[in-house]
Amino acid sequence: MLTIASRVDVMNRLGRAMADATRSRILLSLLTQPGYPAQLARDLGLTRTNVSNHLACLRGCGIVVAEPEGRQTRYEIADPHLAAALTALVDVTLAVDEHQPCIDPECSIPGCCGPGTVSSVETEAEGAR
């Protein structure tokens, strides 16, 4: 049975989904077009099992829906408003303070923090020159 999630629940579900790099990559792929597990696995260089597990998580969070097509299942973003919001979120420019240490010592996101990171404020300032 489908239910309407509260605003806090929606934010928690989206945060959980996007906190994982593999789920984020799958979401980015599904923003461009619906996908099938085998095709997503091939395009993203992942195993089908890995993709299926992440798609199950995204389905459980209510972010993607599965549409049976014969023997295959097509996955797509659950709601056009969500697709628009995710697209807008991807287009956001973050103002990262390169002097602020990352709170996660195991952070492996390139450009997230640490020496050599260029903030968007500096990038915009250079672009304006």
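Structure report, in brief. (Residues numbered from 1 in each chain as written. Predicted model: local features only at pLDDT ≥ 70, side-chain atom pairs only at ≥ 80, totals over all residues. Heavy atoms only, no water.)

1. Some thoughts on the overall build of the protein chain
In terms of regular secondary structure, the protein chain is built from six helices and two strands. Of the regular secondary structure in the protein chain, the N- to C-terminal order runs α-α-α-α-β-β-α-α. Counting the 129 residues in the protein chain, one finds 23% classified as buried. Considering only contacts within the protein chain whose residues lie at least 6 apart along the sequence, 49% involve residues at least 24 apart. Roughly 9,200 Å² of accessible area belongs to the protein chain as shown, and the carbon and sulfur atoms make up 56% of that amount. (Helix = DSSP H or I, 4+ residues; strand = E, 2+ residues; numbered from the N terminus. Buried < 20%, exposed > 50% of the residue type's maximum accessible area, 1.4 Å probe, protein only. Contact = heavy atoms within 4.5 Å. Areas by Shrake-Rupley, 256 points an atom, 1.4 Å probe, with all protein chains shown as cover.)

2. What to know about the pairing of strand β2 (residues 72–77)
The pairing of strand β1 (residues 64–69) with β2 spans six bridges and is antiparallel. Bridging from a neighbouring strand, Pro 68 pairs with Thr 73 of β2. What sits between β1 and β2 in their antiparallel hairpin is a turn of two residues, with Gly 70 showing a positive phi close to 65°. (Pairing = 2+ DSSP bridges.)

3. Structural notes on the packing of helix α3 (residues 37–44) against helix α4 (residues 48–60)
Orientation of α3 relative to α4, taken along the N-to-C sense of each, is 115°, at an axis distance of 9 Å. Like other packed secondary-structure pairs, α3 and α4 cross with a definite hand, here right-handed. Contact with α3, carried on its side by Pro 37, Ala 38, Leu 40 and Ala 41, involves Arg 48, Val 51, Ser 52 and Leu 55 of α4 and no other residues of that element. Within the contact of α3 with α4, the residues separate by chemical class into six nonpolar, one polar and one charged. (Axes fitted to C-alpha atoms, helices over the stretch in contact; angles between N-to-C directions. Left-handed = near helix turned anticlockwise from the far one by under 90°. Nonpolar A, V, L, I, M, F, W, Y, C, P; charged D, E, K, R; others polar.)

4. Regarding the nonpolar core
If you look at the biggest cluster of nonpolar residues, it comprises 19 residues, and the most contacted ones within it are Ile 26, Leu 27, Leu 30, Leu 55, Leu 58, Ile 63 and Val 64. Listed by contribution, the elements that provide at least two residues to this core are α2 (21–32), α3, α4, β2 and α5 (80–90). No other element matches α4, which puts four residues into this core. With near-sequence residues (within four places) excluded, Leu 58 lies in contact with Ala 17, Arg 23, Ile 26, Leu 27, Ile 63 and Val 64. (Core = buried A, V, L, I, M, F, W, Y, C linked by side-chain atoms within 4.5 Å.)

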